[in-house]
Amino acid sequence: MIDEKTLAELKQALETEKEKLEKELSSFADKDEDDEYTARYVDYGDSEEDNAEEYRQHEVNLSLSKRLESSLVDTKEALAKINAGTYGVCEVCNTSINPERLKAYPAARTCIDCSN
Ligand SMILES: [Zn+2]
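Caption draft 1: Just the overall build of the protein, in detail. The number of helices and strands found in the protein is 4 helices and 2 strands. Taking 13 Å as the expected radius of gyration for a compact globule of 116 residues, we find that the protein reaches 18 Å, considerably beyond that expectation. Principal axes of the C-alpha set define a box for the protein whose edges measure 60 × 25 × 25 Å. When each of the 116 residues of the protein is scored for burial, the buried share is 16%. A separation of at least 24 residues holds for 48% of the contacts in the protein among residues at least 6 apart in sequence.

Caption draft 2: The arrangement of the environment of Asn51 in detail. Turning to its location among the elements, Asn51 is positioned in helix H2 (residues 48-84). Sequence separation between Asn51 and Ser65 is 14 residues; the distance between their C-alpha atoms is 20 Å.

Caption draft 3: Local environment of the nonpolar core. Leu10, Leu14, Ala78, Tyr87, Ile97, Leu102, Ala107, Ala108 and Cys111 together form the largest nonpolar core, which totals 9 residues. For Leu10, the residues in contact, after removing those within four places along its chain, are Leu102 and Pro106. Listed in part, the 5 residues of the second largest apolar core include Leu25, Ala29, Tyr37 and Leu72.

Caption draft 4: Representation of the packing of helix H1 (residues 4-26) against H2 in the model. As a packed pair, H1 and H2 sit with axes 9 Å apart at the nearest point and diverge in direction by 150 degrees. Considered as vectors, H1 and H2 are oriented roughly antiparallel to each other. For the crossing formed where H1 meets H2, the hand is left-handed. Within the contact between the two elements, H1 uses Leu7, Lys11, Leu14, Glu15, Glu17, Lys18, Leu21, Glu22, Glu24 and Leu25 and H2 uses Ser65, Leu68, Glu69, Ser71, Leu72, Thr75, Lys76, Ala78, Leu79 and Ile82. Per-class residue counts for the contact of H1 with H2 are 9 nonpolar, 3 polar and 8 charged.

Caption draft 5: Representation of H1 in the model. The terminal C-alpha atoms of H1, which comprises 23 residues, lie 33 Å apart, in line with the 33 Å expected from a rise of 1.5 Å per residue. Restricting attention to buried positions, one finds in H1 the residues Leu10, Leu14, Leu21 and Leu25. Close packing links the buried residues of H1 with strand S1 (29-31), strand S2 (37-39), H2 and helix H3 (99-104).

Caption draft 6: Focus on H2. Its 37 residues give H2 an end-to-end C-alpha distance of 53 Å, which sits within 8% of 54 Å, the value for a rise of 1.5 Å per residue. All of the buried residues along H2 are Ser65, Leu72, Thr75 and Ala78. Elements that come into contact with the buried residues of H2 comprise H1, S1 and S2. Phi turns positive, to about 80 degrees, at Gly85, one or two residues after H2.

Basis of the calculations
Residues numbered from 1 in each chain as written. Predicted model: local features only at pLDDT ≥ 70, side-chain atom pairs only at ≥ 80, totals over all residues. Helix = DSSP H or I, 4+ residues; strand = E, 2+ residues; numbered from the N terminus. Rg over C-alpha atoms; globule rule 2.2 N^0.38 Å. Buried ≥ 20, exposed ≤ 12 C-beta atoms within 10 Å, placed from the backbone. Contact = placed C-beta atoms within 7 Å. Core = buried A, V, L, I, M, F, W, Y, C linked by C-beta atoms within 7 Å. Axes fitted to C-alpha atoms, helices over the stretch in contact; angles between N-to-C directions. Parallel < 35°, antiparallel > 145°, perpendicular 65-115°, else oblique. Left-handed = near helix turned anticlockwise from the far one by under 90°. Nonpolar A, V, L, I, M, F, W, Y, C, P; charged D, E, K, R; others polar. Expected span 1.5 Å × (residues − 1).

Next comes the structure, spelled out in structure tokens:
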């Protein structure tokens with residue numbers, strides 16, 4: 001089980017992480033009404049080279065925004081679980097997740113065994 005003090009620390013870490021992710025995402029992506037982020041199209045210029053670079057950068061931003069968004073979803077989920085009192089339980093096998101694992105990765109959804 002996770003003690004109160006550790007839980008408070010993990011909650012703080014998750015809130016910091018959530019803010020960081022939201023800030024990072026909003027720097028190059030727009031959020032729609034479903035809370036989903038889409039990378040903004042970059043504009044370097046009108047030459048063929050610029051357009052090719054814009055396209056390349058947009059692909060990079062799209063995959064980055066997907067990665068950040070999935071971290072954000074996990075982070076929000078973990079915060080919701082803390083509020084619901086169900087935090088720290090593996091989503092697959094329902095056993096308690098090792099607190100050391102949670103300290104290393106507070107948004108973990110599964111125990112170490114199930115993550116492999
Ligand atoms: Zn498990």
